[in-house]
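Chains, contacts and geometry: an overview
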Amino acid sequence: GDRGIRRHRLTNQSERAGGDSGPHGIRGNPMSDNAVHSATGASSMERWEACPGSVALIPSVERTSTAYADEGTLAHDLAAQWLKTGVEPVFPSDEMRVAVRYYVEVCQKYISPVHLDLGAIYRVETKFKLSEDVFGTVDFFVLWPWVNLLVVLDFKYGAGIYVDVRDNLQCQYYAAAVHIAIG
């Protein structure tokens, strides 16, 4: 299978998008803008699931960015731009272009013209807010209602830290957030 992908199957027909849905089948406004990181966010779920006390401690730690984090943010932004416009953006390096192209190609496999004609619902860089403490951004998701399948893709750009897709808590968190949002 494709690296970096976690598939989650919805459990029953009532969980499909439809009815009085908003844009792309999303009901209400559970996917909304937010400017800060959630203390119980998906990207830190492995930490706070293993050590719940860290949620209270983390606000006392100064958040600083690194060149690596900034590069990852740029890669995410360029990937989102490419997926939203269909136009390959200008990249600062061939290495980033190759990584982003691979991710975009994997996403595009799930949203072909045939999939869209069948009713595929997808979103790119979707912000969600389910409560004051539960919010974040899903890189990409697609719902195939005709087979009751939700696919959540989380783009990883970096080196040195392997992220296993199997039983990945971050993708499970995102899948649950999307599932709740599309109700």
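Data block above holds the structure.
Below you will find a few notes about this structure.

Parameters at a glance
Residues numbered from 1 in each chain as written. Predicted model: local features only at pLDDT ≥ 70, side-chain atom pairs only at ≥ 80, totals over all residues. Heavy atoms only, no water. Helix = DSSP H or I, 4+ residues; strand = E, 2+ residues; numbered from the N terminus. Buried < 20%, exposed > 50% of the residue type's maximum accessible area, 1.4 Å probe, protein only. Contact = heavy atoms within 4.5 Å. Areas by Shrake-Rupley, 256 points an atom, 1.4 Å probe, with all protein chains shown as cover. Expected span 1.5 Å × (residues − 1). Polar contact = N/O pair within 3.5 Å; in protein donor to acceptor, adjacent residues only side chain to side chain. Core = buried A, V, L, I, M, F, W, Y, C linked by side-chain atoms within 4.5 Å.

Quick look at the overall build of the chain now. Helix and strand counts for the chain come out as six helices and four strands. When its helices and strands are written in sequence order, the chain yields β-α-α-α-α-α-β-β-β-α. Counting every position in the chain, which comprises 183 residues, the buried fraction comes to 42%. Contacts spanning at least 24 positions in sequence make up 63% of the contacts within the chain whose residues lie at least 6 apart. As displayed, the chain has an accessible area near 10,700 Å², and 54% of this comes from carbon and sulfur atoms.

As a further point, take helix α6 (residues 169-182). Between its first and last C-alpha, α6 extends 20 Å over 14 residues, near the 20 Å set by a 1.5 Å rise per residue. Regarding α6, the residues found buried are Gln170, Cys171, Tyr173, Tyr174, Ala175, Ala177, Val178, Ala181 and Ile182. The residue sitting at the N-terminus of α6 and contributing the capping side-chain oxygen is Asn168; that oxygen lies 3.0 Å from the backbone nitrogen of Gln170.

In this section: the nonpolar core. Grouped together as the largest cluster of nonpolar side chains are 25 residues, with contacts concentrated most on Val100, Tyr103, Phe140, Val142 and Leu153. Not counting residues within four places of it along the chain, the set of residues in contact with Val142 comprises Tyr110, Ile111, Ala120, Ile121, Tyr122, Leu149, Leu150 and Val151. Trp48, Ile121, Tyr174 and Ala177 belong to the second largest nonpolar core, which has 16 residues in total.

Located in the positive-phi region is Asn148, a residue other than glycine, with phi close to 60°. Within the secondary structure, Asn148 is located in the loop between β3 (135-144) and β4 (149-153). Judged by relative accessible area, Asn148 falls into the buried class, the value being 11%. Positioned with a positive phi, Asp167 is a non-glycine residue whose angle comes to about 55°. Take Asp167: it is sitting in the loop between β4 and α6.

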